[in-house]
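# Working through the structure, step by step
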Amino acid sequence: MMMNKGRWLYHPLFRLLQHLVFWVLSYVVFVQLFKTGIRPEKIDYIYSGLFHGTLIPAAYINLGWLLPRLANYRRWGWYVPAVVLLVVLFSWLNYSFFQNWSKYILPDYFFISYFTVWEVSLFFVVYLAITSLLKLSRSWFVVNDLQRRLLQMETEKVQVELKALKAQVNPHFFFNTLNGIYSMTLDKDERLPQTILQLSHLMRYFLYESGEDFVPLEKEWQIVEDYIALQRIRSNEQLQLEKKVEGEIEQQRIAPLLLVTFLENAFKHGAKGNTGAVSIRLLLQVLPDIIRFEVQNTRGQVDEAYSHHKGVGLENVRRRLELLYPGKHALLFRETAHDFIVTLELKV
């Protein structure tokens, strides 16, 4: 639909109509300029037509050959002399026709040149300048329209890509969570109903609230806490989890499903596969122009994939950060002998 809009502007017939209107208006102006009496006579119409007989070829030689081949490629050293030669040649032809040749070609009419060669050349200079500017201005509008269309297409492409990335994040997250619930069903854990209820809260967020590009930071943090509650139920007593919020989060907004992905990886690659004491620490800071989120987890036995910063969830987050926070984010990964630390900073 977007590509069809305004297509008639580029139709060859419309372009032909534009040229015809320009030359008809030019002809009318010349008739009024060249008339010798109060009203134009037949000879005035003929003189104006013959004058255009040299103007029109000169204009189209410039538009069709000199501009595209020389000016558009910035070959000014060739273009300027070529235009000067074109003006001199056709000014001489115009002057010579009315002054010397017309009596042989049109013996029934008496013509003389109303102007000197220098004055005739000014007509050609003005017309070459006007027609060149019209062509360049039209080209500018065409380029501007194409840029607008490309920008709109790129915006639509980004929106489609973001939706696709979110669609990948949701199944990835729920796949891991449902695995935990399945384990609870095998153990006939009495906390299962509460766990399913908490999961329903998460699903509501994913389905109805995460469709926006940005959501309140307070809601995103609530999802983090809901996820933690689910993980606490299925984690052993050796898990130590600390979370801390610094600053006011109520007035801030953030892209949905960013924070929970890092937390999910902390559980997946830190808590799982670790037989010793496990700790996960979360820090959310709201500074005057930066939102900073840090996740620190004990390195587990299956941490190899995470240590190389791979995985569907992290790759999706990287891409979404590039689309939603271009040049306004920093994603850092650090490793110590015992811990793995992820720090996300967003400029707001």
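Here the structure is a predicted model, which means the values were calculated and not measured. (Residues numbered from 1 in each chain as written. Predicted model: local features only at pLDDT ≥ 70, side-chain atom pairs only at ≥ 80, totals over all residues. Heavy atoms only, no water.)

Let us now look at the packing of aromatic side chains. Within the structure shown, the criterion is met by 23 aromatic pairs. Seen in terms of ring centroids, Phe34 and Phe51 are 5.4 Å apart; in terms of plane orientation they differ by 50 degrees. Their pairing is tilted. Residue Phe34 is located in helix 1 (residues 12–34), and its partner Phe51 is located in helix 2 (residues 42–71); the two are separated by 17 residues in the primary sequence. Here Phe34 falls in the buried class, since its relative accessible area comes to 3%. (Phe/Tyr/Trp six-rings, centres within 6.5 Å; stacked < 30°, edge-to-face > 60°. Helix = DSSP H or I, 4+ residues; strand = E, 2+ residues; numbered from the N terminus. Buried < 20%, exposed > 50% of the residue type's maximum accessible area, 1.4 Å probe, protein only.)

What follows deals with the pattern of salt bridges. Taken as a whole and judged by the stated rule, the model has 6 salt bridges. For Arg292, the salt bridge is made with Glu345, and the minimal N-O distance between the two is 3.4 Å. In this pair, Arg292 sits in strand 5 (residues 290–298) while Glu345 sits in strand 7 (residues 339–347), placing the two residues 53 residues apart along the sequence. Classification of Glu345 as partly exposed rests on a relative accessible area of 28%. The closest approach of N and O atoms between Glu322 and Arg319, which form a salt bridge, is 3.0 Å. Taken together, the residues Glu322 and Arg319, both in helix 9 (residues 312–324) and 3 residues apart, mark about one turn of the helix. A residue is classified by how much of its surface remains accessible, and Glu322, at 44% relative accessible area, is partly exposed. Overall, Arg319 belongs to the partly exposed group, its relative accessible area being 30%. (Salt bridge = Lys/Arg side-chain N within 4 Å of Asp/Glu carboxyl O.)

All right, on to the confidence of the model for the chain then. Mean pLDDT over the chain stands at 78; residues scoring 70 or higher make up 76%. A low-confidence stretch, residues 1–5 stays under pLDDT 50, and its non-local contacts, those more than four residues away or across chains, total 6 contacts. Counting contacts from residues 302–308, a segment whose pLDDT is below 50, to residues more than four positions away or on other chains yields 16 contacts. (pLDDT = per-residue confidence, 0-100. Contact = heavy atoms within 4.5 Å.)

The mixed open sheet is built from 5 strands, whose spatial order is 2-4-5-7-6. Lying at the two open borders of the sheet, with one neighbouring strand each, are strand 2 (239–246) and strand 6 (329–335). On average, each strand axis in the sheet is tilted by 10 degrees relative to the strand beside it, whichever way the strands run. One ladder, built from 8 bridges, connects strand 2 with strand 4 (residues 278–286); its direction is parallel. Looking at strand 4, one finds that Val245 is bridged to Leu284. (Pairing = 2+ DSSP bridges. Axes fitted to C-alpha atoms, helices over the stretch in contact; angles between N-to-C directions.)

Okay, the environment of Val29 next. Note on placement: Val29 falls in helix 1. Residue classification places Val29 among the exposed residues on the basis of a relative accessible area of 51%. Sequence spacing of Val29 and Ser48 is 19 residues, and the spatial spacing of their C-alpha atoms is 9.0 Å.

Another aspect to go through is the side chain of Ser121. Structurally, the position occupied by Ser121 is in helix 4 (residues 117–186). For Ser121, the residues in contact, after removing those within four places along its chain, are Val87 and Ser91.

Most of strand 4 sits out of view: 8 of its 9 residues are buried. In this sheet, strand 5 lies alongside strand 4 in antiparallel orientation, the contact comprising 7 bridges. Within the sheet, the bridge partner assigned to Ile280 lies in strand 5 and is Asn297. Count of turn residues in the strand 4/strand 5 antiparallel hairpin: 3 residues.

Take the nonpolar core next. By size, the foremost hydrophobic cluster in this structure holds 46 residues, and its most contacted members are Ile280 and Leu282. If you tally residues by element for this core, the top one is helix 6 (residues 217–234), at 7 residues. If near-sequence neighbours (up to four positions away) are discounted, Ile280 is found in contact with Leu239, Gln240, Leu241, Glu242, Leu263, Ala266, Phe267, Val295, Gln296 and Asn297. Core analysis: the second largest hydrophobic core is formed by 26 residues, Phe51, Tyr79, Phe97 and Leu128 among them. (Core = buried A, V, L, I, M, F, W, Y, C linked by side-chain atoms within 4.5 Å.)

The next point concerns helix 1. If you check helix 1, its first and last C-alpha atoms are 33 Å apart, about what 23 residues at 1.5 Å a residue would give, namely 33 Å. Buried within helix 1 are the following residues: Trp23, Ser26, Phe30, Val31 and Phe34. (Expected span 1.5 Å × (residues − 1).)

There is a patch of nonpolar side chains on the surface, built from Leu89, Trp92, Trp101, Tyr104 and Ile105 and spanning about 580 Å² of accessible area. Note that Tyr104 resides in helix 3 (residues 76–105). (Patch = residues over 30% accessible without salt bridge, like charges linked within 9 Å, V, L, I, M, F, W, Y side chains within 5 Å. Areas by Shrake-Rupley, 256 points an atom, 1.4 Å probe, with all protein chains shown as cover.)

Turning to the environment of Leu239, a few remarks are in order. Take Leu239: it is sitting in strand 2. Once the C-alpha coordinates of Leu239 and Phe267 are considered, the two residues, 28 residues apart in sequence, prove to be 9.9 Å apart. Each residue touching Leu239, except ones within four places of it in the same chain, is listed here: Phe267, Val278 and Ile280.

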